[in-house]
Amino acid sequence: LSEGTEEVKAGVTVVLFTALLGLGGLLFGQAHPHNFPAPLGHPAFRVGGVTVVWSVVFVIALAVLFTIGPILLLGRTQIGLMLRALSSRPTTAQLVGVAAPRLAMFVWLVTGAMTALAMMVIAPTMANDYASLSRLITGAFAAVLIGAFRSLWGTLLGGLGLGALQGFVSSYQSLSIYRGV
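Residues numbered from 1 in each chain as written. Predicted model: local features only at pLDDT ≥ 70, side-chain atom pairs only at ≥ 80, totals over all residues. Heavy atoms only, no water.

1. Let's talk about the environment of Arg135
Cut-off, in case you're wondering: Strands here mean DSSP runs of E at least two residues long; helices mean DSSP runs of H or I at least four residues long; both are numbered from the N terminus. Relative accessibility decides the category of a residue: with a 1.4 Å probe and only protein chains considered, values under 20% of the type maximum give buried, values over 50% give exposed, and everything between is partly exposed.
With respect to the element layout, Arg135 can be found in the loop between helix H6 (130–134) and helix H7 (136–146). Residue classification places Arg135 among the partly exposed positions, given a relative accessible area of 47%. Distance from Arg135 to Tyr178, taken between C-alpha atoms, is 15 Å for residues 43 residues apart in sequence.

2. Notes on the pairing of strand S2 (residues 50–53)
Operational definition: Here a strand pair is declared whenever DSSP counts at least two bridges between the two strands.
Summarising the sheet, strand S1 (residues 43–47) and S2 pair through four bridges and their orientation is antiparallel. Following the sheet pairing, Arg46 is matched in S2 by Thr51. Connecting the antiparallel pair S1 and S2 is a turn made up of two residues, with Gly48 showing a positive phi of about 55 degrees.

3. Considerations on unusual backbone geometry
Residues other than glycine seldom take positive phi values, yet Ala148 does so here, at roughly 60 degrees. As for its placement among the helices and strands, Ala148 is situated in the loop between H7 and helix H8 (152–170). The class for Ala148 is partly exposed, based on a relative accessible area of 49%. Unusually for a residue other than glycine, Phe149 sits at a positive phi of about 60 degrees. When you line up the elements, Phe149 lands in the loop between H7 and H8.

4. Observations concerning a nonpolar patch on the surface
Keep this limit in mind: Only residues whose relative accessible area exceeds 30% and that take part in no salt bridge are eligible for patches, with like-charged residues grouped when within 9 Å of each other and nonpolar side chains (Val, Leu, Ile, Met, Phe, Trp, Tyr) grouped when within 5 Å. For accessible areas, the Shrake-Rupley method is used with a probe of radius 1.4 Å. Any residue's cover is judged against the shown protein chains and nothing else. By convention in these notes, a salt bridge is any Lys or Arg side-chain nitrogen within 4 Å of a carboxyl oxygen on Asp or Glu.
A cluster of nonpolar side chains, Leu165, Phe168, Tyr172, Leu175, Ile177, Tyr178 and Val181, forms an exposed patch at the surface whose accessible area comes to about 820 Å². Tracing the sequence through the fold places Tyr172 in the segment after H8. Residue Tyr172 is classed as partly exposed on the basis of its relative accessible area of 41%.

5. Points about the nonpolar core
The criterion, for reference: For our purposes a nonpolar core is just a set of buried Ala, Val, Leu, Ile, Met, Phe, Trp, Tyr and Cys residues, chained together by side-chain atoms within 4.5 Å. Contacts are assigned to residue pairs with any non-hydrogen atoms lying within 4.5 Å of each other.
Counting six residues, the largest nonpolar core consists of Leu83, Leu86, Ala93, Val98, Ala100 and Leu103. Contributing elements (two or more residues each) for this core: helix H3 (78–88) and helix H5 (100–122). Residues within four places of Leu86 in sequence aside, it is in contact with Ala93, Gln94, Val98, Ala100 and Leu103.

6. Section: the side chain of Ser55
Checked against the element boundaries, Ser55 lands in helix H2 (residues 54–76). Judged by its relative accessible area of 5%, Ser55 is buried. Contact partners of Ser55, with chain neighbours within four places excluded, come to Leu40, Val121 and Thr125.

7. Observations regarding the environment of Val59
Here Val59 lies in helix H2. A relative accessible area of 30% places Val59 in the partly exposed class. Separated by 63 residues in sequence, Val59 and Ile122 have C-alpha atoms that sit 7.5 Å apart. When neighbours within four sequence positions are excluded, Val59 is seen to be in contact with Val121 and Ile122.

8. A few points about the packing of aromatic side chains
For clarity, the cut-off: Stacked, tilted and edge-to-face pairs are distinguished by plane angle, under 30 degrees for stacked and over 60 for edge-to-face with tilted covering the rest, among Phe, Tyr and Trp rings (Trp via its six-membered ring) whose centres lie within 6.5 Å.
Overall, the coordinates contain two aromatic pairs when judged by the stated rule. Residues Phe17 and Phe141 carry aromatic rings whose centres are separated by 5.4 Å and whose planes lie at 85 degrees to one another, so their mutual orientation is edge-to-face. Of this pair, Phe17 sits in helix H1 (residues 6–27) while Phe141 sits in helix H7; the two residues are 124 residues apart in sequence, bridging distant segments of the chain. Phe141 gets classed as partly exposed once you look at its relative accessible area, which sits at 25%. With centroids separated by 5.2 Å and ring planes inclined at 75 degrees, the aromatic side chains of Phe168 and Tyr172 adopt a geometry described as edge-to-face.

And the structure:
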């Protein structure tokens, strides 16, 4: 798929996600929920009668950091140049000496660490079962779609906008069941 278009990669990603979600549901289901510690669950401040907890502040800070970091990495470093080359023309990049396997391992390591950090902050705020936590990626897919698979700033704004919309819809009893939609 390295030479495929964004549409093909997105389609394969959605299919694999759906398959893994189904397989995980069969293997883990609702039978083994675990509680997560919530070290950032304390109130940080109040705005207009709404209490904002530290986990929300931390997640927003992580989102901004996870947007600015890659923008700087891709735009101002040699590694970023190699990543952009691999993204646009992988075969040509390898022919001119870009070490694709090492670079791929670096990307997987960094994104895995970023994801683990984000999950440690987000997990205590969610229901503690497999299905609820695995559906977090659906909102991320929606934010990436808003960013059109090209804009990190668009993805950040899309994610913050979707989160604000979910919070707003949750405040109305009759609409709160539709917040995930």
